[in-house]
Amino acid sequence: MSKKINDMLNPKQIDFMLADDKVINLLTGSVRSGKTYVSLLKWAIFVATMPENSEFLMTGKTITSLKRNCLGLLQDLVGNNFTYSTSQKIGLLFGRKIWLEGANDERAESKIRGMTLAGAYVDELTQIPFEFYSMLLSRLSVKGAKLYATTNPDSPTHWVKEMIIDNDEIEKAIWTFTFDDNEILKRENEDYFNNLKQQYQSMGGVFYERFILGLWVMAEGIIYKQFANNPDMFIRDEAVDKNGNKINFLIVSIGIDYGASQSSTAFKCTGITPYFKEVWTLDEVKLEGVHTPEQFYEEFVKFYYKIVKKYNKCTHAFADYGSLGQVITFGLNRYLQQHNVPLQVQDCVKGQIIERIELDCQLFAQGRRFILKDCKHLINAYKQAVWEDGKIDTRLDDNSYDVDSLDAHEYSIFSFYDKLVTDIKPYY
Ligand SMILES: Nc1ncnc2c1ncn2[C@@H]1O[C@H](COP(=O)(O)OP(=O)(O)OP(=O)(O)O)[C@@H](O)[C@H]1O
Ligand SMILES: [Mg+2]
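Residues numbered from 1 in each chain as written. Chains lettered and ligands numbered in written order. Predicted model: local features only at pLDDT ≥ 70, side-chain atom pairs only at ≥ 80, totals over all residues. Heavy atoms only, no water.

Let's shift gears to the domain arrangement of the protein chain. Domain assignment breaks the protein chain into domain 1 (2-187) and domain 2 (225-420). Together, the buried faces of domain 1 and domain 2 total about 270 Å²; carbon and sulfur atoms form 33% of this surface. Run the count over domain 1 and domain 2 and you get one salt bridge. For Glu355, the salt bridge is made with Lys61, and the minimal N-O distance between the two is 3.5 Å. Linking domain 1 to domain 2 there are zero residue pairs in polar contact (both at pLDDT 80 or more). Its residues assigned to classes, the side of domain 1 that touches domain 2 comprises no nonpolar, three polar and two charged. (Domains from an automatic or database assignment. Buried area = accessible area lost by both parts, 1.4 Å probe. Salt bridge = Lys/Arg side-chain N within 4 Å of Asp/Glu carboxyl O. Polar contact = N/O pair within 3.5 Å; in protein donor to acceptor, adjacent residues only side chain to side chain. Nonpolar A, V, L, I, M, F, W, Y, C, P; charged D, E, K, R; others polar.)

Here Gln344 lies in the loop between α12 (325-338) and β14 (345-347). Assessed through its relative accessible area of 52%, Gln344 is described here as exposed. Setting aside residues no more than four positions away along its own chain, Gln344 makes contact with Ala317 and Asn333. (Helix = DSSP H or I, 4+ residues; strand = E, 2+ residues; numbered from the N terminus. Buried < 20%, exposed > 50% of the residue type's maximum accessible area, 1.4 Å probe, protein only. Contact = heavy atoms within 4.5 Å.)

Pairing geometry for strand β3 (residues 82-85) and strand β4 (residues 90-93), over four bridges, is antiparallel. Bridge pairing in β4 links Thr83 to Leu92. Connecting β3 to the next strand, β4, in antiparallel fashion are four residues, including Lys89 with a positive phi near 55°. (Pairing = 2+ DSSP bridges.)

What follows deals with the packing of aromatic side chains. Within this structure, the stated rule accounts for 33 aromatic pairs. With a centroid separation of 4.5 Å and 20° between ring planes, the pair formed by Phe179 and Phe193 is classed as stacked. One end of the pair, Phe179, is in the loop between β8 (172-177) and α7 (183-188); the other, Phe193, is in helix α8 (residues 190-203), with 14 residues separating them in the sequence. Since its relative accessible area comes to 1%, Phe193 is described here as buried. (Phe/Tyr/Trp six-rings, centres within 6.5 Å; stacked < 30°, edge-to-face > 60°.)

Moving on, we get to the sheet that holds strand β9 (residues 235-236). With mixed pairing, seven strands are arranged side by side in an open sheet as β9-β15-β12-β11-β10-β13-β14. At either margin of the open sheet sits one strand with a lone partner, and together these are β9 and β14. Relative to β14, strand β13 (residues 316-319) is paired through three bridges, and the arrangement is parallel. Looking at β14, one finds that Ala317 is bridged to Val345. Where helix α11 (residues 293-311) meets the sheet, it contacts β10 (251-257), β11 (265-272), β12 (279-287), β13, β14 and β15 (369-372), and its direction lies at approximately 150° from that of β12. Against the sheet, α12 engages β10, β13 and β14, with an angle of about 160° to β14. (Axes fitted to C-alpha atoms, helices over the stretch in contact; angles between N-to-C directions.)

What the rule picks out here adds up to zero disulfides. Take Cys269: it sits in no disulfide, and the sulfur closest to it among the cysteines is that of Cys314, at 6.1 Å. In this structure Cys269 comes out as buried when scored by relative accessible area, which is 0%. For the unlinked cysteine Cys361, the closest cysteine sulfur is that of Cys375, found at 18 Å. (Disulfide = S-S within 2.5 Å.)

For ligand 1, the set of nearby residues contains 14 residues, the closest of which are Met8, Arg32, Lys35, Thr36 and Tyr37. Separating an oxygen atom of ligand 1 from a side-chain N or O atom of Arg32 is a distance of 2.4 Å. Here Ser33 contributes a backbone N or O atom positioned 3.0 Å from an oxygen atom of ligand 1. When ligand 1 sits alone it has 630 Å² of accessible area, and the protein chains cover 76% of it. (Near = heavy atom within 4 Å. Areas by Shrake-Rupley, 256 points an atom, 1.4 Å probe, with all protein chains shown as cover.)

Structure representation (structure tokens):
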């Protein structure tokens, strides 16, 4: 019997399954450590044992992320005892009603204000505003109601750490999972397990400590450790493949960061290879000093034609927005139209800084990131970038190095985030 359970669950997961639940049950720790799997299993059993007419909530950063991370897996675990519709934001688990909600902003708490819940499941708890969490706790008014949540660690001053993990005044069970706890993954997919671990090891710093060791640590010191320690691994003379053939990029994208008084406008051109496999910084321009909008438009068009001549295309451009950014982009698009330039500049997708940084670090770690040697501003920025002391996940931005170059580069690729992110280096 025990051998069978060991085949089905990791020892850490068995401990969790056998433990008495508290009002708040939080599973924190490394990526791929088995938190979601086992917490959904226990959630399903909990829901099935509560009164039939009670109602429950499952929530995550967005309904889409909830579906991606949890709903499919829950179905795998309990079969057709769980059915759901994300458009109607409702599901049925062992005949009990489960509301499905995204909780990505402060206003989200109004969505659950009137509910009376017998239980809640939260995916990626650190991504949820504290206001939503406190409203959720106040809705858990049915006798025996419980909260189950999973999360990767964040900074030690995050509300999840301060208000739940370190708070001795609440009834809670905190479970910490590390990457090595997922023994089944290691046994059944050893290559994947080792690759992923090695990748995070080479990313180093905060990413390794939080996502493999499962620690709540500050982001400190040099950001792009891999690049800073070994830039030659990623710098290339020209955009050619392993056989010396010129690369035919799928996407050639320009990122624009508008300069204000203390900084200056940066263009970064990035090539993305087919299947979103590699990301190459191909060219850059730094416009120093103050320019009139007209001068700026001319410089952009010059850059555009330089790129098109060299790489046969320029498929996208993404610009910073905010303050007067959108006005300049509007003027730029009109100028492009008037001059028959077949390009529409779009607002960039900004995301969180740490997500943008993690994407680049992951690309470096997977050997998918290259920079042409003439892109000196970006190369220097990668070498010098540091986390800001005492601030949560903040990249220092005090003019001591060229943050604009990093921003412009990130704008050029961040719209393709979902396609670029993969667990481990893709092989095609
Ligand atoms: N007991 C198990 N039996 C089989 N597969 C498992 C088991 N536990 C976890 N897995 C698998 O291991 C992988 C990682 O598990 P899971 O998604 O639960 O990790 P996680 O800790 O939630 O990770 P993340 O922090 O990245 O969300 C998944 O593919 C999952 O299906
Ligand atoms: Mg998970």
